[in-house]
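Results of the structural survey
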Amino acid sequence: MESGGGEMARGSRLLGLKRRQYGLLGVLMAAVVSLLLTSVISVAAHDDELQGLYSEEADGSAVTLVQRESFGVILELDRWARGGATARDVQIARALLGQRLQVRTVSDVTTYELTDLAFRSSLLQIDGLVRSLVDGTVEQRLAQRRSADTVVDEFEVRTRELSTVYQEVRRAQAAEAINRRAITEQTQAILAGLIILLGAGLAGWIAADLRSTYREASERLRAETARLEQARRRLELRQRLADRAGAWSEAVAAGVETPTIMRTALADLAELAPGLTVQVIEQQDAPVRLERVRDEHVPSDAEAPADGAHDGLDDEDALAAIDRVNEILHLVHVRDHREHALDQARRFDALTQLPNREHLQPAVAAATERARSLRAEAGQGAVALALVDINRFADFNLAYGPAEGDRLLVTVARALVEQISTTAEVLRLSADEFAVVGSYPTAVDADRAIAALSTVLTRLHEVSGEQVAVSATIGAAVETAGAPHPDALVQRAAAALAAAQATEPRPAVRYFVPDRDAHLLDAMREESALRSALRSGEFVTHVQPIIDLESGAIAACEALVRWNRPGVGLVRPDEFLPAIARAGLTVELGWQIIDGTLTAWGAERAAAAGALEGIAVSINLDAAQLAEPTLADYLVNAAERTGLPLTSLVVEITEHALLVGEGALEQLESLRARGVRVALDDFGTGYSSLAQASTLPLDVLKLDRSFLPDPQLDAQQAAIIRDILSIASTLDLDVTAEGIETDELAAQLRELGVRYGQGWWAAKAMPIDEIAGWAAERSAMLSGR
């Protein structure tokens, strides 16, 4: 724009000078009509000389400007190399130089034509360098700059020589002019006065033209400055808008409530664009959005001044700001819609569209409140909860497929919904378990409703033309005397259902009877306490030493779990492990024992400074754990995490645990392959024999305490143990005797050849942090013998 505007201005100036010259020539012709022809020629030559002087001045200025822009390119290259400018900045400097080289001077030549060949050649090399610039690290830029030193230095030299070359050309032209002047000196003397007047007039004309050009340039500069300021404000607005939008997006991701996000976005928008007025558009099932409300006193972009000097927000910026807020509002709408869908999926069963277990407590609480209102109004009222379990649903699913199983569930759900009264509600709790909870005028009405449920669920269900008998077992709890806590009613119904399921043949309905079924609640409470103990870390590990009967030194320790029950103290495993198994918590407890034992043993081993070096720790594994395909990897990872070598680990299994199948043997073989030893615990109480043991991946046999009567062995028992030891030696198995309680029995077993012993005769189970001290005391005792 600058070059094009300058050329137009120069064209207008040249045309203005030509018109004025015509008028001056008219006056001149009238004044010199009587002069000799030679005087006229002299005047013309003199005029040409003056024109040449003016051209020389303009051309010199143009060359100077070319030098300035050339040095500007060099300076931008240096700034780029130091990281102060981008490759784009250098290219802009080169573009400015290109514009300057295309300027046409008064002498009707471009400034490029005023340069010499050496400068043009150097400029081509600089162009290649500029095109190759890449915004890398400062080190990369400096390296590229240093590699181009020759090109840049050559360009700098040629730039400096521009004025010299131009001056040489002009000196030659001046010499030629002097020669012509000498020839026409006499002629010019006659017209000197007129030429002086002409020169003075021409100078005035040039000054006036320059003033006009200056005014035009000033106006263009002001307009360009205004446009740049507007661009700066726009860029700043976009940047601040992007920052705020990031905060809005984080709020959306963090789950901030929609009204809060809306208020924040509107407040931020008012701060970023004070002149912007918006209205909130709300539509059902659509995102909230903003629309601009235009102030009639603020001009639009089409009405704005050309120099952009108005203070209002232009349409493009306003649209960008509103669009950004609308994007966030759309995200909020999508998030809220998704959360609503997830909430529906969380609270309702997808197959039957019934409320799920999440709704059980609120439903029982609501029915209880309705029953309380009935008692307050009519003097009686009952709340009932019936848990419905479809008999042999798993067999039905296997026989007819999941699709038919789903169809059966939908049929059962529909039958229950059609059967209940308006004060009852049906829920689906699990795969084949439903719940019906409601309030009734009397307990008799509740019993009738439950009996009706049993009747409607005893039916024939058609599957591909075949009639399949379907029935259900119902565990029910009815309360009339008071308003039990919803948890209590659920527990009673669950206890009744569990008792019904454990009865053969199953009854259609079993009610919870407090005097008869209170022990069921005790068992459920015990299981609940065990679950809470697992969550709160109440299970702790103690260890009992295993002694080398020959040396008396500690050889290993067996990890034994204890329940540190609040208000009770330490509870032995035989008192709570059956309840753990009934509650299905064996595997979860097993993971805790593995983690807790190995973590504590690793820490104690590290703190004992070698006192526990070479002493193995033994962990009991249940059949349910061996059925877990990840057991071996879990145990190995836990040992590596705590810094324990796998060769210092022993896992103890029972003969019953080996009955879970080939998966258990594969787990044990995987552990042995990695260095973990395997011990068969309680040997002699199960189904295995030593012949069967030879096929198992074992390293140790642990004789059950039933082999060891107190205080000593008789001849038959001693003979049995000798036979076991003989076969165990053949199978390369170590033997450990459990339950030793007297020194006499320990001595007798040592004489028979039993290598290791364990029992109260040596030590009871103790906390892991006490084993190092005990081992040190025993070592000192053995040393003092």
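Residues numbered from 1 in each chain as written. Predicted model: local features only at pLDDT ≥ 70, side-chain atom pairs only at ≥ 80, totals over all residues. Heavy atoms only, no water.

Observations regarding the overall build of the chain
Under the convention used in this document: Numbering of helices and strands starts at the N terminus; helices are DSSP runs of H or I of at least 4 residues and strands are runs of E of at least 2. Under the scheme applied here, a residue whose accessible area is under 20% of the maximum for its type counts as buried, over 50% as exposed, and between as partly exposed, the area being computed with a 1.4 Å probe on protein chains only. Two residues form a contact once any of their heavy atoms are found within 4.5 Å. To measure how exposed things are, a 1.4 Å probe is used in the Shrake-Rupley method; for residues, cover is taken only from the protein chains shown.
Helix and strand content of the chain: 23 helices and 19 strands. A total of 785 residues make up the chain; the buried ones form 41% of that total. Contacts spanning at least 24 positions in sequence make up 68% of the contacts within the chain whose residues lie at least 6 apart. Roughly 41,600 Å² of accessible area belongs to the chain as shown, and the carbon and sulfur atoms make up 54% of that amount.

Thoughts on the packing of aromatic side chains
The line we're drawing: Pairing of aromatic side chains requires ring centres within 6.5 Å, counting the rings of Phe and Tyr and the six-membered ring of Trp. Pairs whose planes differ by under 30 degrees are stacked, by over 60 edge-to-face, and all others tilted. As a reminder, the over-ring test applies to NZ of lysine and CZ of arginine, requiring each to be within 6 Å of the ring centre and within 35 degrees of the ring normal.
Here the structure, examined in full by the defined rule, presents six aromatic pairs. Taken together through their ring pairs, the aromatic side chains of Phe539, Trp563 and Phe576 make up a single cluster. Its end group placed over the ring of Tyr112, Arg120 keeps NZ or CZ at 4.7 Å from the ring centre.

Observations regarding empty space enclosed by the protein
Stated precisely, the cut-off is as follows: Any residue with an atom within 4 Å of a point lines the site, the site being either a cavity, points on a 1 Å grid over the protein atoms alone where a 1.4 Å probe fits but cannot get out, or a pocket, an open set with protein on both sides within 12 Å along at least 5 of 7 lines. Grid points are joined across faces, edges and corners, and a volume is the space filled by probe spheres set on the points. In this classification, Asp, Glu, Lys and Arg are treated as charged, Ala, Val, Leu, Ile, Met, Phe, Trp, Tyr, Cys and Pro as nonpolar, and every other residue, Gly included, as polar.
One pass over the full model with this rule turns up one cavity of 30 Å³ or more. Residue lining of the largest cavity: Leu408, Thr411, Val412, Arg459, His461 and Val470, and that is the complete set. Secondary-structure elements contributing two or more residues to the lining of the largest cavity are helix H11 (402-419) and strand E6 (459-463). At three residues, the largest contribution of residues to the lining of the largest cavity is made by H11. Grouping the amino acids of the lining of the largest cavity by side-chain chemistry returns three nonpolar, two polar and one charged.

Considering unusual backbone geometry
Phi is positive for Arg392, close to 55°, though the residue is something other than glycine. One can find Arg392 in the loop between strand E3 (382-390) and helix H10 (393-400). Under the relative-accessibility criterion, Arg392 is labelled exposed at 65%. Backbone geometry at Asp732 places phi at a positive 60°, although glycine is not the residue there. Relative to the elements of secondary structure, Asp732 occurs in the loop between helix H21 (715-730) and strand E17 (734-738).

Some thoughts on the sheet that holds strand E4 (residues 424-428)
Operational definition: Two strands form a pair only when DSSP identifies at least two bridges running between them. The axes are straight lines fitted to the C-alpha atoms, using for helices just the contacting stretch, and the angles between their N-to-C directions are given from 0 to 180°.
The mixed open sheet is built from five strands, whose spatial order is E4-E5-E3-E8-E9. Whereas interior strands pair on both sides, the edge strands pair on one side only; in this sheet they are E4 and strand E9 (509-511). With direction set aside, neighbouring strand axes in the sheet form an average angle of 20°. As defined by bridge partners, strand E8 (residues 472-479) adjoins E9 across three bridges and the pair is classed as parallel.

Looking at the side chain of Thr473
Stated formally: Under this definition, polar contacts are N or O atom pairs within 3.5 Å; protein pairs additionally need one hydrogen-donor-capable and one acceptor-capable atom, and for neighbouring residues in sequence, both atoms have to be side-chain atoms.
Mapped onto the elements, Thr473 comes out in strand E8. Side-chain polar atoms of Thr473 contact the side chain of Asn391, separated by 2.7 Å. In this structure Thr473 touches Leu387, Val388, Asp389, Asn391, Leu497, Ala500, Arg506, Pro507 and Ala508, once residues within four positions along its chain are discounted.

A closer look at the nonpolar core
What counts here: Residues belong to a common nonpolar core when they are buried Ala, Val, Leu, Ile, Met, Phe, Trp, Tyr or Cys residues joined through side-chain atoms within 4.5 Å.
Phe539, Leu598 and Leu749 are the most contacted members of the largest nonpolar core, which totals 83 residues. If you tally residues by element for this core, the top one is helix H16 (residues 586-607), at seven residues. With residues up to four places along the chain from it excluded, the contact list for Leu598 reads Ile593, Val617, Ile619, Leu635, Ala638, Ala639, Thr642, Leu644 and Leu649. Listed in part, the 28 residues of the second largest apolar core include Val388, Ile420, Leu457 and Val463.

Quick word on the layout of surface pockets
In this structure, the second largest pocket spans a volume of roughly 1,300 Å³. Going through the elements one at a time, strand E11 (554-565), helix H15 (573-582), H16, strand E13 (616-620), helix H17 (623-626), strand E14 (649-653) and strand E15 (677-683) are the ones with two or more residues in the lining of the second largest pocket. Looking at the lining of the second largest pocket, its residues break down into 16 nonpolar, ten polar and 13 charged.

Comments concerning the environment of Val73
Secondary-structure assignment places Val73 in helix H2 (residues 37-81). Each C-alpha atom of the pair Val73 and Ile92 lies 8.7 Å from the other, and the pair is 19 residues apart in sequence. What Val73 contacts, discounting residues up to four positions off in sequence, is Ala93, Arg94, Leu97 and Ile126.

Section: the pairing of E3
Within a regular strand, side chains alternate between the sheet's two faces. Of all the nine residues making up E3, nine are buried; the element is thus mostly covered by neighbouring parts of the structure. Residues Ala382, Ala384, Ala386, Val388 and Ile390 point to one face of E3 and Val383, Leu385, Leu387 and Asp389 to the other, with burial holding for every one of them. Pairing analysis gives eight bridges linking E3 to strand E5 (residues 433-440), with the strands arranged antiparallel. Pairing of Ala384 across the sheet is with Gly438, part of E5. Both E3 and E8 contribute to a ladder of eight bridges, which runs antiparallel. By the bridge assignment, Ala386 is partnered in E8 with Ala476.

Here we look at H11
The criterion, for reference: What a helix is expected to span follows from its residue count: subtract one and scale by 1.5 Å.
An ideal rise of 1.5 Å per residue puts 26 Å on 18 residues; H11 measures up with 26 Å between its terminal C-alpha atoms. Among the residues making up H11, those that are buried are Glu404, Gly405, Leu408, Leu409, Thr411, Val412, Ala413, Ala415 and Leu416.

Considering the pattern of salt bridges
For the record, the criterion: A pair is scored as a salt bridge if a Lys or Arg side-chain nitrogen falls within 4 Å of a carboxyl oxygen belonging to Asp or Glu.
Evaluation of the coordinates by the stated rule reveals 30 salt bridges. A salt bridge links Arg232 to Glu229, with the shortest nitrogen-to-oxygen separation between them at 2.4 Å. Of this pair, Arg232 and Glu229 are both found in helix H6 (residues 149-253), three residues apart, which corresponds to roughly one turn of the helix. Taking relative accessible area as the criterion, Glu229 reaches 31% and is therefore assigned partly exposed. Close ionic contact of Arg324 with Glu327 constitutes a salt bridge, the shortest N to O distance being 3.6 Å. Remark: Glu327 and Arg324 occur in helix H8 (residues 315-347); sequence separation between them is three residues, near one turn of the helix. Classification of Arg324 as partly exposed rests on a relative accessible area of 29%. Bridged by salt links that share partners, the residues Glu558, Glu652, Lys702 and Glu738 form one connected network.

Observations concerning the confidence of the model for the chain
To be explicit about the condition: pLDDT measures how confident the predictor is about each residue, on a scale from 0 to 100.
Mean pLDDT over the chain stands at 80; residues scoring 70 or higher make up 82%. Here residues 1-18 is a poorly scored stretch, pLDDT under 50, and it has 14 contacts once near neighbours within four places are set aside; other chains count. When the criterion is pLDDT under 50, residues 301-311 qualifies, and its contacts beyond four places in sequence or with other chains add up to 13 contacts.

Quick notes on the pairing of E13
Of all the five residues making up E13, four are buried; the element is thus mostly covered by neighbouring parts of the structure. Both E11 and E13 contribute to a ladder of three bridges, which runs parallel. Bridge pairing in E13 places Ala556 opposite Ala616. Strand direction decides the pairing type here: E13 and E14, joined by four bridges, are parallel. Residue pairing in the sheet places Ile619 in a bridge with Val651 of E14.

Some details on the packing of H10 against H11
The cut-off we apply is this: Convention used here: angles under 35 degrees read as roughly parallel, angles over 145 as roughly antiparallel, angles from 65 to 115 as roughly perpendicular, and any remaining angle as oblique.
Packing of H10 against H11 brings their axes to within 7 Å, and their N-to-C directions diverge by 135°. Taken together, H10 and H11 sit at an angle that is classed as oblique. Contacts between H10 and H11 involve Phe393, Phe396, Asn397 and Tyr400 from the former and Pro402, Glu404, Gly405, Leu408 and Leu409 from the latter. Looking at the contact of H10 with H11 residue by residue, the class counts come to six nonpolar, two polar and one charged.

Considering the environment of Gln102
Relative to the elements of secondary structure, Gln102 occurs in the loop between helix H3 (87-101) and helix H4 (117-131). Classification of Gln102 by relative accessible area gives partly exposed; the value is 47%. A C-alpha to C-alpha distance of 9.0 Å links Gln102 and Glu113, two positions eleven residues apart in sequence.

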